[in-house]
Amino acid sequence: MLRIKSLHLKDFGAFKGQQAFNLPDEEGVTVFYGENMRGKTTLLNAFRFALFGKIIGRGRRPVSFHDMINWEARAEGARSFEVRLQITHAGAEYRLTRTCRPKSGTDVPAGHDDYVADYYLERGGHILPAQQAALELERILPEQIARFFLFDGELLQEYEDLLHGDTDMGPKISQAIERILGLPTLTRSRDSLKAALDRAEARVALAAQGDQKTREFGNQLQSLVEEREVLTSDLFRHEKNLETLRAKKVAIEDDMRRRERMASLLDKRDRLAGEVASLDESLQKKKDAISKAMAPAWSALIRPQLAAAVTVHRTKEAELQSAVTRAQVLHSLAEGHDVACPTCLQTVSPDAQAKIRGLLPQGGQGSREADQRELAGVRRRLDALETQLAEANPEALRLLWADLEARKREIYAKTAEIEEIGKQLTGDEEDELKGLRREYDSVVRQIAALEEGVKATAGKLADNATYRDNIQKRLDKLAGGQMESERRRRDLASRLYDLFKESVDVYRDQLRHRVEADASKYFQKLTTESDYAGLRINDSYGLTIVHRDGSDIPVRSAGAEHVVALSLVAALQNNAQLRGPIVIDSPFGRLDGGHRSRIVEVLPDMADQVVLLVYEEELPPARARAALKGRLRSEWSLERQSARHTELVKR
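Rules behind the numbers
Residue positions are given per chain, counting from 1 as you read along its sequence in written order. Thresholds applied to this predicted model are a pLDDT of at least 70 for local features of residues and 80 or more for the giving and counting of side-chain atom pairs; totals over whole chains, interfaces and linings are not thresholded and use all residues. To get the side-chain values, take all heavy atoms of the structure and skip hydrogens and water. Nonpolar cores were defined as sets of buried Ala, Val, Leu, Ile, Met, Phe, Trp, Tyr and Cys residues, with membership established by side-chain atoms within 4.5 Å. The cut-offs for exposure are 20% and 50% of the maximum accessible area for each residue type, with area from a 1.4 Å probe on protein chains only; residues under the lower value are buried, those over the upper are exposed, and the others partly exposed. Elements are defined by DSSP. Helices are runs of H or I of four residues or more, strands are runs of E of two residues or more, and each kind is numbered from the N terminus. It only takes one pair of heavy atoms within 4.5 Å for two residues to be counted as in contact. Patch membership requires over 30% relative accessible area and the absence of a salt bridge. Like charges are linked within 9 Å, and nonpolar side chains (Val, Leu, Ile, Met, Phe, Trp, Tyr) within 5 Å. Here, Shrake-Rupley sampling with a 1.4 Å probe gives the accessible areas, and only protein chains in the shown set may cover a residue. Just to be clear on terms, a salt bridge is a Lys or Arg side-chain nitrogen sitting within 4 Å of an Asp or Glu carboxyl oxygen. DSSP calls a pair of strands paired once it identifies at least 2 bridges connecting them. In this analysis, axes come from line fits to C-alpha atoms, helices being fitted only over the stretch in contact, and the angle between any two N-to-C directions falls in the range 0 to 180 degrees. Whether a set of points on the 1 Å grid over the protein atoms alone is a cavity depends on a 1.4 Å probe fitting there but being unable to get out, while an open set qualifies as a pocket with protein on both sides within 12 Å along at least five of seven lines; lining residues are those with an atom within 4 Å of a point. Grid points are joined across faces, edges and corners, and a volume is the space filled by probe spheres set on the points. Each angle is binned into one of four classes, with values under 35 degrees roughly parallel, values over 145 roughly antiparallel, values of 65 to 115 roughly perpendicular, and all other values oblique. Only Asp, Glu, Lys and Arg are considered charged, only Ala, Val, Leu, Ile, Met, Phe, Trp, Tyr, Cys and Pro nonpolar, and every remaining residue, Gly among them, polar. We call Phe, Tyr and Trp rings a pair once their centres come within 6.5 Å, taking the six-membered ring for Trp, and we label the pair stacked below 30 degrees between planes, edge-to-face above 60, and tilted otherwise. Cation placement over rings: the criterion is NZ of Lys or CZ of Arg within 6 Å of the ring centroid and within 35° of the ring normal. An expected span of 1.5 Å times one less than the residue number is assigned to each helix. Bend angle per residue: angle between axes fitted to the 7 residues ending at that residue and the 7 residues starting there. Crossing handedness follows the turn of the near helix against the far one: under a right angle anticlockwise gives a left-handed crossing, and clockwise gives a right-handed one.

K.L.:
Is there a simple way to explain the nonpolar core in this structure?
P.N.:
In globular proteins that are soluble, nonpolar side chains generally tend to be buried together. Counting 101 residues, the largest nonpolar core has F32 and L43 as the members making the most contacts within it. Looking at this core, the element that brings in the most residues is helix α15 (residues 558-575), giving 10 residues. Discounting chain neighbours no more than four positions away, the residues touching L43 are L7, L9, F15, F21, F32, L613, L638 and L648. By size, the runner-up hydrophobic cluster in this structure holds 12 residues, among which are L245, L436, Y440 and L461.

K.L.:
For this particular structure, what's the right way to read a nonpolar patch on the surface?
P.N.:
A cluster of nonpolar side chains, contributed by L492, L496 and L499, occupies part of the molecular surface with about 250 Å² of accessible area. Tracing the sequence through the fold places L496 in helix α14 (residues 482-526). Note on L496: relative accessible area 33%, which makes it partly exposed.

K.L.:
What is the right way to read the sheet that holds strand β6 (residues 115-123) from this model?
P.N.:
Whenever strands of a sheet pair, they do so through backbone hydrogen bonds, lying parallel or antiparallel. Overall, antiparallel pairing links the six strands, which are arranged β2-β1-β4-β5-β6-β7 in an open sheet. Both outer strands of the open sheet, β2 (15-22) and β7 (126-127), are each paired with one neighbouring strand and no more. As paired strands, β6 and β7 are joined by two bridges and run antiparallel to one another. Bridge pairing in β7 links E122 to I127. Across the sheet, helix α1 (residues 40-52) is in contact with β1 (2-12), β2, β4 (81-89), β5 (92-102) and β6; its angle to β1 comes to roughly 105 degrees. Relative to the sheet, helix α3 (residues 130-140) contacts β1, β4, β5 and β6, its axis offset from that of β6 by approximately 80 degrees.

K.L.:
Mind showing me how you'd approach empty space enclosed by the protein here?
P.N.:
One simple way to see leftover space: roll a probe sized like a water molecule over the atoms. What the rule picks out here adds up to three cavities of 30 Å³ or more. For the largest cavity, the calculated volume is near 90 Å³. Around the largest cavity, the lining residues are L2, R3, I4, F47, L51, L85, I87, L141, F149, L150, P581 and V583. Among the secondary structure elements, those contributing two or more residues to the lining of the largest cavity are β1, α1 and β4. No other element matches β1, which puts three residues into the lining of the largest cavity.

K.L.:
Looking at this structure, how should I read the environment of S586?
P.N.:
Examined against the element boundaries, S586 turns out to sit in the loop between β11 (582-585) and α16 (593-606). Judged by its relative accessible area of 24%, S586 falls in the partly exposed class. Linking S586 and L612, residues 26 residues apart in sequence, is a C-alpha distance of 7.7 Å. Dropping the residues within four chain positions of it, S586 is found in contact with K40, G153, L613 and E618.

K.L.:
Even after reading the chapter, I still don't get the packing of α15 against α16, so can you show me in this structure?
P.N.:
Two numbers describe a pair of packed helices, the interaxial angle and the distance between the axes. Where α15 contacts α16, the axes come no closer than 11 Å and their chain directions differ by 10 degrees. Compared by their axis directions, α15 and α16 come out roughly parallel. On α16, the residues that touch V563, L566, V569, A570 and Q573 of α15 are H595, I599 and M606. Here the contact of α15 with α16 is composed, by residue class, of six nonpolar, two polar and no charged.

K.L.:
Any chance you could explain the sheet that holds strand β12 (residues 609-614) here in plain terms?
P.N.:
Spatially, six strands are ordered β8-β11-β12-β3-β13-β14 in an open sheet, and the strand pairing comes out mixed. With partners counted over all chains shown, the strands left at the sheet margins are β8 (150-152) and β14 (645-650), one partner each. With direction set aside, neighbouring strand axes in the sheet form an average angle of 20 degrees. Both β11 and β12 contribute to a ladder of four bridges, which runs parallel. Looking across to β12, one finds that I582 is bridged to V610. Set on the sheet, α1 makes contact with β3 (28-33), β8, β11, β12, β13 (632-642) and β14; between it and β8 the angle comes to about 150 degrees. Across the sheet, helix α17 (residues 621-628) lies against β3 and β13, angled at about 165 degrees from β13, the strand it touches most.

K.L.:
Help me understand unusual backbone geometry in this model?
P.N.:
Glycine aside, residues mostly have negative phi, and peptide bonds are mostly found in the trans state. One non-glycine residue with positive phi stands out, namely M37, at about 65 degrees. Of note, M37 is situated in the loop between β3 and α1. With phi around 45 degrees, S586 is a residue other than glycine that occupies positive phi space.

K.L.:
So what exactly am I meant to see when it comes to the packing of aromatic side chains here?
P.N.:
Any aromatic ring pair is given by two values, namely how distant the centres are and how the planes are angled relative to each other. Per the stated rule, a full pass over the model turns up 10 aromatic pairs. Seen from their ring centres, F49 and F65 are 5.8 Å apart, and the 80 degrees between their planes marks the pair as edge-to-face. Of this pair, F49 sits in helix α1 while F65 sits in the loop between α1 and α2 (71-75), and the two are 16 residues apart along the sequence. Pair check on accessibility: F49 and F65 agree, each one buried. Of the aromatic side chains, those joined through ring pairs into one cluster are F12, F49, F65 and F81. Over the ring of Y522 we find K521, and its NZ or CZ is 5.1 Å from the ring centre.

K.L.:
So what exactly am I meant to see when it comes to α16 here?
P.N.:
In an α-helix, one turn spans 3.6 residues, which is why side chains three or four residues apart end up on the same side. With 14 residues, α16 extends 20 Å from end C-alpha to end C-alpha; this agrees with the ideal 20 Å at 1.5 Å per step. At V600, α16 shows its largest kink, close to 30 degrees, and the proline P604 lies no more than four residues downstream. Along α16, the positions that sit buried rather than exposed are H595, R596, I599, V600, V602, L603, P604 and M606.

K.L.:
Looking at this structure, how should I read the pairing of β6?
P.N.:
Put simply, side chains in a regular strand alternate between the two faces of the sheet. Relative to β6, β5 is paired through nine bridges, and the arrangement is antiparallel. Considered in β6, the bridge of C100 is made with A117.

K.L.:
Mind showing me how you'd approach the pairing of β5 here?
P.N.:
Direction of pairing for β4 relative to β5: antiparallel, over a ladder of nine bridges. If you follow E82 over to β5, its bridge partner there is T99. If you look at the hairpin formed by β4 and β5, you'll find two residues sitting between the two strands, and A90 has a positive phi there, around 55 degrees.

K.L.:
Which parts of the structure should I look at to understand the packing of α16 against α17?
P.N.:
With their axes 9 Å apart at the nearest point, α16 and α17 run at an angle of 50 degrees to one another. With respect to their mutual orientation, α16 and α17 come out oblique. As for how α16 packs across α17, the hand of that crossing is right-handed. Along the contact surface, α16 presents G593, R596, S597, V600, E601 and P604, while α17 presents R623, A624, A627 and L628. The residue makeup of the contact of α16 with α17, split by class, is five nonpolar, two polar and three charged.

K.L.:
Is there a simple way to think about the pattern of salt bridges in this case?
P.N.:
Any two side chains of opposite charge can pair, on the condition that their charged atoms come close. Under the counting rule described, the total for this entry stands at 42 salt bridges. Among the salt bridges present, the one from E201 reaches R228, with a minimum N-O distance of 2.5 Å. Here the residue E201 occupies a position in helix α6 (residues 183-209), and R228 occupies one in helix α7 (residues 215-258), the gap between them amounting to 27 residues. Accessibility assignment for this pair places E201 and R228 in one class, buried. Linking D267 and R437 is a salt bridge whose minimum nitrogen-to-oxygen distance equals 3.3 Å.

What follows is the structure in structure tokens.
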């Protein structure tokens, strides 16, 4: 059981000079209240620095040691800071002191690399040797599982990755979970037995080579054993490289997330540049259209005369059309081509036809043709006049010019916006981001290639195992003498390995079910939604909310993710081999008042010792006292002395 007794700070972050606080011996919650930028995250980092020598900022990025020296103290000549942590573990008292100071020979430190961090560990008042101190710290709280004891709201968001098997962070968190639950003890035993089995198989191959009857099989088996060693070495190397690349990918993603605003500006600039190019192309088309429209634009000056001429020609067209039609009808009646009048539909008698012929002028055919020629000429002139009149449309021309000006204004506005974005970016930042993107793409390609390599190597190892099994079976039929002894040794190692291999699977399954049950219990205490029945766990320890009708809730809000993550942390604390305190910074950022009250009530059940870092609007003291009652052990304030100086004051 790990417990914190006190924390001492010297010129660490916002905490100027020597400051300290003690935590009560009783189980319960200690609350530190502080406004933004008063030092809550710095306190969380004080624990992290004391234990591991690391300081983490937003986005999980490392913070420079140079930036952690109190600004006022540095202005007064301070060049170092110190954190001292007093704890108890397994009945022993420890005092861990970690100091950060400039490297020897550095007169004016300017950055992280100009500093060195040293520590020493006392147990029972005696300073431990460096190697023993490192082993003790690893036993007290391994860094790989510290995320379950020292965390903030941002870290809780990472647990969402456990639901998605295609993320790089999910496997890392899963491994940390299995470590805190004690699974590595069993897996190390399994791996040791696998190594023993490999050695036993090699001895069988060596023994077979010494027997005339089995020499050929022994040679084949020895060759396969050697091939297996090479493949195993390759697989180990690939997996190690893959782990390194995945960690690098996560780091680049974090770095890119920190530069989201700059990335957004660059993307916006590129989008605007594309739009300007498209507008330029459209503008040229508009100019071409105006150029064509301007050729007959002069006719707009005589538009009234054109309109009058059109009217005259339309009247003339109507008159000629009527005359031509009348002449055609009379000619048709006179010649008897039509026997009925087209108007009254009565039959035209021969006498009437003769009378009509008498009325027709001499040379009627020529007159009709002349009228038709004149009608065609009038129509040609009318078409030309109407075409010219249409082209002489000043409104259409004005619309074309207005559209052209609108395009120019739009181009100007977008170009100005591009220039404004350019002012917010520096060439170095842009180059860095582009470099990050290129590096990210390269890492993704390398990961894909390595994953293919791992898959191929694993396939070759499986084939190798099949061949070895076949040869082993054939050898077993011929076994005798020394060969028989080595075979029995191999069989024993094989049975032990199979036993532990199955034990790992069984124990892992038991752990998941225990975590699922405890996480569901905590979730029901934390959530305000009565329709939720609990949580369902997957192979990666990701938790899905289950409705009371048994169906999964596929889409969760940010607040729901927060509650699920806290439920997981509580369940892990309940099942961990190592029990310790929880130090949590601003855990309520995305939660409503109801969930906040429930979480505060449950916090004492999550760990024997809880340190809560909040601001008063996030968790009003009255609400904390009402929810915790007698389990609230102490309250502290982070009081502002200046922008660069905060004092720890007990309330």
